[in-house]
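# Structural features, examined
Residue-level listing of the chains:
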Amino acid sequence: QLFRTMAETKKHFDSLQECWETFRCDAREDGEWSVVKTADDVVVKQKWKTNLGPEVGCLQAIGCLPVTPQELLYRVNLAPGAAKLWSEIANVEIMEHVKGPEYPYDLYLQQHFPSLAGLVSARDFVLVRSWQDEGEGKDIWMSWRSVDDERGPERDQFVRAYMYPSGWHATPHPERPGHCIARFVVHTNVRVAVPWWILVKSLSTELVDTFKRIRKVAAEDGFPPPHEAHLPPKSASTDAEVQPESSQGKDDSS
């Protein structure tokens, strides 16, 4: 069992390395994109040509959020219970966390209850996600993709859907301290016999709603504190606290 789990871990790590390049290209808007929705200061774009097949759709939403890139990463996405605060239609269950020096990642199950109730049944994904923090005041990257893992078997009440290289990229806002410009990229195959243009309409609305929800919770300061396990390792200089000089053994008579 131990060796099988180690093999799964290595497989998941390899799959993440493969998806980073694709995700970074889409976050830079490489390729052909067109605007499909603009609402609430969020622009949603669709990529018409991908190398993942005609059944895979690619969307990205771009907008300003009232959080720093680091808050978006550690408090909005990675903090325990954060997913329910910014998405009322998803449930996340962490199955494994690995904190390596260069490749921290989570293996998790995400259950998704789409807004097209009655037309599209609930979906679930088994995903692995990783992240890179370039440092305070700089960019963050967070990417995820679907994987096969025996710890996430298919369930009768859900249709197993697939997420291809997707994630968040955020950079500090140049004119608004405490804000960031965020891109939310989604490559997905939800495995549903509904015309793609209908799905685009539904997914675009959900992406805009994600930005609105994050703004609302941020305004209420409702995001939980970051989990220590997800934070980057501290440098030796920050770990070493300056201890006050002890007065023990000194002559107090002076």
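Look a little higher up for the structure.
Anyway, here's the lowdown on the structure attached to this text. None of these values were measured; they are calculated from a predicted model. (Residues numbered from 1 in each chain as written. Predicted model: local features only at pLDDT ≥ 70, side-chain atom pairs only at ≥ 80, totals over all residues. Heavy atoms only, no water.)

### Observations regarding the overall build of the chain
Across its full length, the chain holds five helices and 10 strands. By the burial criterion, 46% of the 254 residues in the chain qualify as buried. Here the contacts in the chain between residues at least 6 apart in sequence split such that 63% fall between residues at least 24 apart. Accessible surface, the chain: about 13800 Å² in total, of which carbon and sulfur atoms supply 53%. (Helix = DSSP H or I, 4+ residues; strand = E, 2+ residues; numbered from the N terminus. Buried < 20%, exposed > 50% of the residue type's maximum accessible area, 1.4 Å probe, protein only. Contact = heavy atoms within 4.5 Å. Areas by Shrake-Rupley, 256 points an atom, 1.4 Å probe, with all protein chains shown as cover.)

### A closer look at the pairing of strand E7 (residues 140-146)
Counting buried residues in E7 gives seven out of seven residues, a clear majority hidden from the surface. Burial of E7 is two-sided: the residues Ile-140, Met-142, Trp-144 and Ser-146 facing one way and the residues Trp-141, Ser-143 and Arg-145 facing the other way are all buried. Pairing of strand E6 (residues 123-133) with E7, which is carried by seven bridges, proceeds in the antiparallel orientation. Directly across from Trp-131, in E7, lies its bridge partner Met-142. Taken together, E6 and the strand that follows it, E7, pair antiparallel across an intervening segment of six residues, in which Gly-135 is found at a positive phi of about 120°. One ladder, built from five bridges, connects E7 with strand E9 (residues 162-172); its direction is antiparallel. Residue Met-142 lies in a different strand from E9, and its bridge partner there is Trp-168. (Pairing = 2+ DSSP bridges.)

### Some words on the packing of aromatic side chains
Tallied over the entire structure, the rule returns three aromatic pairs. Ring geometry for Trp-168 against Phe-184: centres 4.3 Å apart, planes inclined by 5°, an arrangement best described as stacked. With a gap of 16 residues between them, Trp-168 in strand E9 and Phe-184 in strand E10 (residues 180-189) connect regions that are remote in the sequence. Of the two residues, Trp-168 and Phe-184, neither departs from the other in class, the shared state being buried. Between the aromatic rings of Trp-168 and Phe-211, the centroid separation amounts to 5.7 Å while the plane-to-plane angle is 50°, which identifies the pairing as tilted. (Phe/Tyr/Trp six-rings, centres within 6.5 Å; stacked < 30°, edge-to-face > 60°.)

### Quick look at the pattern of salt bridges
For the structure on display, the rule yields eight salt bridges. A salt bridge links Asp-40 to Lys-212; its shortest N-O distance comes to 3.9 Å. Of this pair, Asp-40 sits in the loop between strand E1 (33-39) and strand E2 (42-47) while Lys-212 sits in helix H4 (residues 196-219); the two residues are 172 residues apart in sequence, bridging distant segments of the chain. Here Arg-151 makes a salt bridge to Asp-149, at a shortest N to O gap of 2.9 Å. The network of salt bridges with shared partners includes Asp-40, Asp-209 and Lys-212. (Salt bridge = Lys/Arg side-chain N within 4 Å of Asp/Glu carboxyl O.)

### Notes on the state of the cysteines
Summed over the entire model, instances satisfying the criterion amount to zero disulfides. In this structure Cys-64 is a free cysteine whose sulfur lies 6.8 Å from that of Cys-180, the closest cysteine sulfur available. (Disulfide = S-S within 2.5 Å.)

### Considerations on the nonpolar core
What tends to happen in soluble globular proteins is that the nonpolar side chains get buried as a cluster. Within the largest apolar cluster, 35 residues are counted, with the highest numbers of intra-cluster contacts made by Leu-65, Leu-72, Trp-144, Trp-168, Ala-182 and Phe-211. Going through the elements one at a time, E2, strand E3 (57-65), helix H2 (69-77), E6, E7, E9, E10 and H4 are the ones with two or more residues in this core. No other element matches H4, which puts eight residues into this core. The residues contacting Leu-65, other than those within four sequence positions of it, are Leu-72, Trp-168, Gly-178, His-179, Cys-180, Ala-182, Phe-211, Ile-214 and Arg-215. (Core = buried A, V, L, I, M, F, W, Y, C linked by side-chain atoms within 4.5 Å.)

These figures capture arrangement, not role.
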